[in-house]
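The lines below spell out each chain.
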Amino acid sequence: MLKFDSKQLSQIRHFIIFLNFIAVLYSTLLYMFCTQYIVNKNLSYELMENLTVIPKNPLHLFFYSIFLLFCFLVFIFIRDDLLEKTNMSIELLISIELIITVLIICNLNLCYNGMILVVFMDIIYYIRDLKRRMPFFVVSFLIWLFTDYSLISRLIDIPSIEVYISFLPNGYRFAASFFKNFLTSVNLLLFIIFLVIYLVDSLIAQKNIEDELAMVSKVNTDLNNYINLSEKIAEDRERKRIAREIHDTLGHALTGVSAGIDACIVLIDIDPAKCKAQLQVISQVVRQGIGDVRRSLQKLRPGALEQHSFKEALNQMIQEYKELSNLDIELYYEWEHIDLDQTKEDIIFRIIQESITNALRHGHATRVEINMFNYPNAYYIIIQDDGKGVKDIKPGYGLKQMQERAAMLGGHVVFHGDNGFRIFVSIPKRKGEDIDD
Amino acid sequence: MIRLLRKHKDLVAWPIVFALMISFIYAYNPGRKTVLKLGVYAGSSWDVPSNDTKVLDRVIKKFEKAYPNVKVEYESGIQKSEYSQYLAEKIVQGKQPDVFVVPQDDFALLADNGALQDISGYMENQRLSKTDFYEAAYNTGVYHNALYGLPLESNPMMMCVNIDLLKKEGIQLPTSLDLNQFYDICKKVTHDGQYGVAGMSWQNIGDSFGLKSFTDDGKEAHINDETFKKTINFYIKLRNLNKDYVVSSEQFDEGKVAFMPMTLAQYRTYKPYPYRVAKYSTFNWDCITMPTMLENPQTRLNTVLLSLSSRCTNKQMGFAFMKMLCYDTSIQQEWLKSNLGASPLQSVMNSKKSEKLFGETEALKSSTIDSIMQTSYAYPLFKKKAQAEMKLDYLINQAIYNNNNNVDYAYIQQEVDQEL
C-alpha cells in the first residue's frame, strides 16, 4: 500500500483524533453537569417539559462514552498491526471504525457528530483507490447527514443538549455553548487542513511520478541512441573485417595472380614450358584464393548457422530472443525436406532476424508468429507480430535491405502494417532444393 | 507509552477479559434478587386529608410472596405536591422507578416523552379485559392509541346539595338536573344572604354543555365557537344572579348555599359516615350527578394511573405488580376502603362490600357512584394541556372580572393557540 511519509499529515491526524476525544468527553460531561445543576435547582420538571424525550441516565451515558472511546483507542492502536500482520481487509477495519463512531454519536444523543470526520479522514488516508473509497464516502456522508441534530430531531425525538444548556445561568450558558461550538469548528478546520495537506501531498507525489517517468523516457531514448551507435560501430567493424579479409585473401591472391599472369605474358613466347609451370602456380593460387574466400565467407556467416542446421539455428535464435525479452515467438516450419545453399540460408536467416528485431524494437510486440510455407513453385515466409504496426510504411534502411536481400534470390517482400506488422516474403524455388521433388 | 502498551499487549488484554468475566457473572447470577422499584406518594391523590397508607405495604407483601425472587422497594414520605418534581428528577437522572403512580396532569407529558411503556401487549398476553374497567377510567391511560397506564383510582365530579335549604324553599330534591332547572333553582334560592351555587367554574358548565376546549390531539383550541360561547354566557348569567358577588365554599359550609360541585374524594372526606369527623354537621346534605344538557352526560373524571417505566429492566414483573394492584378485585376493594376515590373496576364498585362501605341509607349509594362513573368521560390528554388550560382560564376570568363580561373569543383563541 502506498503511504505518504508526510509527517504533517500524520501529526494532524493524531491531533484530530485527540480533539474528537476531547469533544466527546466534553459533551458527556456537559450532560452530567447540566443534569446535576438542573436537579439541584429543582428544575427537573421544567426540563422534562422542554425535552421531547426522556434522557438516559447521565452516569450510564458517561461510562458508555468512556468504554466506547477506550474501544476506539484500542482499535486505533491495533489497526496498523492488523493491517500489516494479518490479512484483514481495510474495508472491514473502516467498517468497524464506522460502527464504533456511530455508537459514540448515538450515545451522545447526536449532540456531537464531528467524530464522523475522523472516519472520513481514515477513509481518505487508508483507501487510496477511488472506486473502493466511494461506497464508504457515501455511507459516511449519509451517517453524517442523519446524525445532524438539527436535521434528524424533526424526525425522531432526541434529548437535546441545547435544552440542558438553556437551563444554565447566563454566563455558564455562553461559555458552555461557546466551547462546544469552538470544538466543532476547530475540528472542521483541522479536517480541512488535513484535506489540503493531503491534496498537496498527492500533487507532489503525482509530480514525482511524472518526473520519474520523464527520466525513464529520457534513459530509454539514450539507450536507443546507444543501440544505434553500437550497431553503427558493429557495422563499421564488420566492414573493416570484410575489407581486411578481402585484402588478406582475395587481395593477396589477385595480386599474386596478376603478377603471375604478367610473368606468363612475358614467358609465353620465350619459354612455353616455364609459362605452363607458372600457370600451374597461378591456378594453385587462384584455388587457394577461392578457398580463402570460402573461409572468409564462412567467417561472415551467422554464428548459429555455422554450427547447426537451418532449423536448429532458427530455433536457437528464437530461444535467445525469448530469453532476452518477453517476446513469445512461435515458429511454423514446413521446410524440413529442403536443402538450401548457404547464401540462401544466410539471407533468409537475416530477414527473419531483422523482422523479429523490428517487431521488438519498433512494434513493441509481445508475440511473433513465423510461418515458413513450402509451395510447389515458391517458398513463402509470413512473419506476423501483434505490435503497434505502422499506418504508413516508409521503408527505412532495414526494410530496404530486406527487400534487396530477397531480390538477390529473385524473390520479393511485401509489408502490411494495419494489424500488427506483417512481412510477407516469397522466394522462387530452384530445381533440386526440395528433396521430395 | 503507546509503544510500551503495544509491546505488552497482555497488560491491556487481561484486565479486559477479567472485567468482562466479572460483569458476565454478575449479570447472570441466578441467586440475585430482582428489585422492583415503585414510585408512590404518601397520602391521598385528591388533595384531601387521608389516613391510610398501609394497604400498599400489604400489597407488596402479597406480591413478594407470589414472586419470591423479587424485592419491591419504594421511597416513602414523598408528598403529593412534591411528587411530580420528584418523578421528573428521577427521570432526568435516568433513575426512574420501574412502576410508578402517574397523576393525570403529568400523564401526557410522560407518555409523550417516552417515559412510559406501552402495555397494550401485556394486556393481551395476560388476558386483561378493558371492559372490566370503567371506560372513562381506562381511556385516561390511552395516549395516541397506545395504553400507557392502568387506572388505579378515580375521582368523579358530583354536585353537592344542601337538602335543608332546598326543603326550606319548598323544592323537591331531584336525582338529576339539567342546566335550566339548575338555574331556576339557583334563582329561586338567591335572596337574603342565600345563594344558589358556590365554586361552580365555567369548566363545570362547559362539561354540562359537552364543551371541548381543545381538539383531541391538542393541536388547536376550540374557543371561538358556539358551545364555548354558550358556556361562557351561561356562566355570566349564573354569576349575575349574585351581582358580581363571589360566593365562597365557606358560605356553603355555613349552610347559606344550595349547590356546590364536589369530587367524590371530598365527599368521602367530609361525609360523617361511618366514623369520620363531620365537617358539615349543621345541615343535611348529599350529592347528585352534575347538571347537564346532554343526553349522554359527560362527567369530568380524574383518574390516577399506574404506569410501567419504558426503562424498566423486568417489564413482565413490573406489569405483574400493576396487574395485582389495579386488576385484583380484593386488593382494589381494600384500596377503595382505605383511599377516598372510586375504584376503576366495575365489579368492585358494584360489590356488596362497597354497598356497605358507602351505606345504604344515604343518597349517594355505591350504585349512584357506579352510574356516575358509567357516564363519566375521560377528556383527552395532551402534553401542553395543563399550561394551555391555565392560560385559557386566566384569560376567561380576566375578561369576565376585569373587562365587564366582554369576552374577545378570537383574541383568546389566538393567545391559547400559541401555547399549543
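Calculation notes
Residues numbered from 1 in each chain as written. Chains lettered and ligands numbered in written order. Predicted model: local features only at pLDDT ≥ 70, side-chain atom pairs only at ≥ 80, totals over all residues. UniProt positions renumbered as here; feature names shortened; annotations may be inferred. Helix = DSSP H or I, 4+ residues; strand = E, 2+ residues; numbered from the N terminus. Buried ≥ 20, exposed ≤ 12 C-beta atoms within 10 Å, placed from the backbone. Contact = placed C-beta atoms within 7 Å. Nonpolar A, V, L, I, M, F, W, Y, C, P; charged D, E, K, R; others polar. Axes fitted to C-alpha atoms, helices over the stretch in contact; angles between N-to-C directions. Parallel < 35°, antiparallel > 145°, perpendicular 65-115°, else oblique. Left-handed = near helix turned anticlockwise from the far one by under 90°. Core = buried A, V, L, I, M, F, W, Y, C linked by C-beta atoms within 7 Å. pLDDT = per-residue confidence, 0-100. Expected span 1.5 Å × (residues − 1). Arc of directions from axis to C-beta. Pairing = 2+ DSSP bridges.

- Taking an unreviewed UniProt entry as the reference, chain B is identified by name as Extracellular solute-binding protein belonging to Sharpea porci.

- Labelled according to an unreviewed UniProt entry, chain A appears under the name histidine kinase, originating from Sharpea porci.
- Its UniProt record, at the heading Catalytic activity (unreviewed entry), says of chain A: "ATP + protein L-histidine = ADP + protein N-phospho-L-histidine."

## Looking at the overall build of chain B
Moving on, step 1. A count of helical and extended segments in chain B gives 20 helices and eleven strands.
Moving on, step 2. For chain B, buried positions account for 40% of its 420 residues.
Moving on, step 3. Sequence separation of at least 24 residues holds for 76% of the intrachain contacts in chain B that already meet a minimum separation of 6.

## Quick notes on the overall build of chain A
Moving on, step 1. Regarding its fold elements, chain A presents 14 helices and five strands.
Moving on, step 2. Here chain A, with 437 residues, has 22% of them falling under the buried criterion.
Moving on, step 3. For chain A, the proportion of contacts with a sequence separation of at least 24, taken over those separated by at least 6, is 70%.

## Overview of the interface of chain A and chain B
Moving on, step 1. Contacts between the two partners involve 21 residues from chain A, matched on the other side by 17 residues from chain B.
Moving on, step 2. Looking at the side of chain A that touches chain B, the element that brings in the most residues is helix H2 (residues 44-50) of chain A, giving five residues.
Moving on, step 3. When grouped by side-chain class, the residues that make up the side of chain A that touches chain B number twelve nonpolar, six polar and three charged.

## Some thoughts on helix H5 (residues 116-126) of chain A
Moving on, step 1. The buried fraction of H5 of chain A is high, at eight of eleven residues.
Moving on, step 2. Burial in H5 of chain A covers these residues: Ile116, Leu117, Val118, Val119, Met121, Asp122, Ile123 and Ile124 of chain A.

## Quick word on the packing of helix H1 (residues 7-40) of chain A against H5 of chain A
Residue and element names in this part refer to chain A.
Moving on, step 1. Between H1 and H5, whose axes approach to 10 Å, the crossing angle comes to 160°. By the criterion of interaxial angle, the relationship of H1 to H5 is roughly antiparallel. Like other packed secondary-structure pairs, H1 and H5 cross with a definite hand, here left-handed. For the pair H1 and H5, the contacting residues are Arg13, Ile16, Ile17 and Asn20 in the first and Val118, Met121 and Tyr125 in the second.
Moving on, step 2. Partitioned by chemical class, the residues of the contact of H1 with H5 number five nonpolar, one polar and one charged.

## Describing the nonpolar core
Moving on, step 1. Of all hydrophobic cores here, the largest spans 148 residues; its most connected members are Met158, Cys160, Val197, Val257, Ala258, Leu306 and Met322 of chain B.
Moving on, step 2. Sort the elements by how many residues they give to this core and H1 of chain A lands first, with ten residues.
Moving on, step 3. Apart from residues lying up to four places away in sequence, Cys160 of chain B is in contact with Phe259, Met260, Met262, Tyr267, Trp285 and Cys287 of chain B.
Moving on, step 4. Counting 27 residues, the second-largest nonpolar core is a separate cluster that includes Ile351, Ala365, Val368 and Val425 of chain A.

## As for the confidence of the model for chain B
Residues and elements named next belong to chain B.
Moving on, step 1. Scored by pLDDT, chain B comes out at a mean of 84, with 91% of its residues at no less than 70.
Moving on, step 2. Low pLDDT, under 50, characterises residues 273-277; the stretch is placed with two contacts to residues that sit more than four places away or in other chains.
Moving on, step 3. Scored by ipTM, the complex comes to 0.80, with pTM at 0.69.

## Looking at the UniProt feature "transmembrane region" (unreviewed entry) in chain A
All names here are of chain A.
Moving on, step 1. UniProt annotation of "transmembrane region" (unreviewed entry) refers to residues 12-39, 59-78, 98-127, 133-152 and 182-200 when read in the numbering used here.
Moving on, step 2. Structurally, residues 12-39 is divided into 100% helix and 0% strand, and its ends, taken at the C-alpha atoms, are 40 Å apart.
Moving on, step 3. Helix makes up 100% of residues 59-78 and strand 0%. Its end C-alpha atoms lie 29 Å apart.

## Re helix H11 (residues 226-240) of chain B
All names here are of chain B.
Moving on, step 1. End to end, H11 covers 21 Å across 15 residues, agreeing with the expected 21 Å (1.5 Å per residue, within 8%).
Moving on, step 2. For H11, the full list of buried residues reads Phe228, Thr231, Ile232, Phe234 and Tyr235. Seen end-on, H11 carries its buried residues on one side only, within an arc spanning 160°. Turned more than 90 degrees from where H11 packs its buried face, Glu226 and Asn240 sit exposed.
Moving on, step 3. Buried residues in H11 make contact with helix H9 (179-189), helix H10 (202-209), helix H19 (385-402) and helix H20 (409-419).

## Remarks on unusual backbone geometry
Residues and elements named next belong to chain A.
Moving on, step 1. Positive phi, close to 55°, is recorded for Asn109, a residue that is not glycine.
Moving on, step 2. Turning to its location among the elements, Asn109 is positioned in the loop between helix H4 (90-107) and H5.
Moving on, step 3. Taking the number of C-beta atoms within 10 Å as the measure of exposure, Asn109 has 20 and is therefore buried.

## Things to note about the pairing of strand E5 (residues 421-428) of chain A
Moving on, step 1. Side chains Phe421, Ile423, Val425 and Ile427 of chain A of E5 of chain A all project onto a buried face; the interleaved residues Arg422, Phe424, Ser426 and Pro428 of chain A project onto a face where none is buried.
Moving on, step 2. Counting the residues in the hairpin turn of strand E4 (residues 412-416) of chain A and E5 of chain A gives four residues, including Gly420 of chain A, whose phi is positive at 70°.

## Quick word on the environment of Leu241 of chain B
Residues and elements named next belong to chain B.
Moving on, step 1. Residue placement: Leu241 occurs in the loop between H11 and helix H12 (249-253).
Moving on, step 2. Overall, the presence of 16 C-beta atoms within 10 Å leaves Leu241 in the partly exposed class.
Moving on, step 3. Leu241 sits 53 residues away from Lys188 along the chain, and the two C-alpha atoms are 9.9 Å apart.
Moving on, step 4. If sequence neighbours within four positions are ignored, Leu241 has contacts with Cys186, Lys187, Thr190 and Gly196.

## As for the packing of H4 of chain A against H5 of chain A
Between two packed helices, what matters for the description is the angle formed by their axes and the separation of those axes.
Residues and elements named next belong to chain A.
Moving on, step 1. Between H4 and H5, the least distance of the axes is 9 Å, while the angle of their chain directions is 170°. In terms of their interaxial angle, H4 and H5 are classed as roughly antiparallel. Contacts from Ile90, Ile94, Glu97, Leu98, Thr101 and Ile105 in H4 reach Ile116, Val118, Val119, Asp122, Ile123 and Tyr126 in H5.
Moving on, step 2. Along the lines of polarity and charge, the residues of the contact of H4 with H5 split into nine nonpolar, one polar and two charged.

## Looking at the sheet that holds strand E2 (residues 367-374) of chain A
All names here are of chain A.
Moving on, step 1. Pairing is mixed across the open sheet formed by five strands, whose spatial order is E1-E2-E3-E5-E4. Both outer strands of the open sheet, strand E1 (328-333) and E4, are each paired with one neighbouring strand and no more. Averaged over all pairs of adjacent strands, the angle between their axes in this sheet comes to 10°, without regard to strand direction.
Moving on, step 2. Examined bridge by bridge, E4 and E5 share five bridges and lie antiparallel to one another. Along E5, the bridge assignment pairs Val414 with Phe424.

## Notes on the environment of Thr231 of chain B
Residues and elements named next belong to chain B.
Moving on, step 1. As for its placement among the helices and strands, Thr231 is situated in helix H11.
Moving on, step 2. Between the alpha carbons of Thr231 and Ile205 there is a distance of 6.0 Å; along the sequence they are 26 residues apart.
Moving on, step 3. Among residues more than four places away in sequence, those in contact with Thr231 are Trp202, Ile205, Gly206, Phe209 and Leu211.

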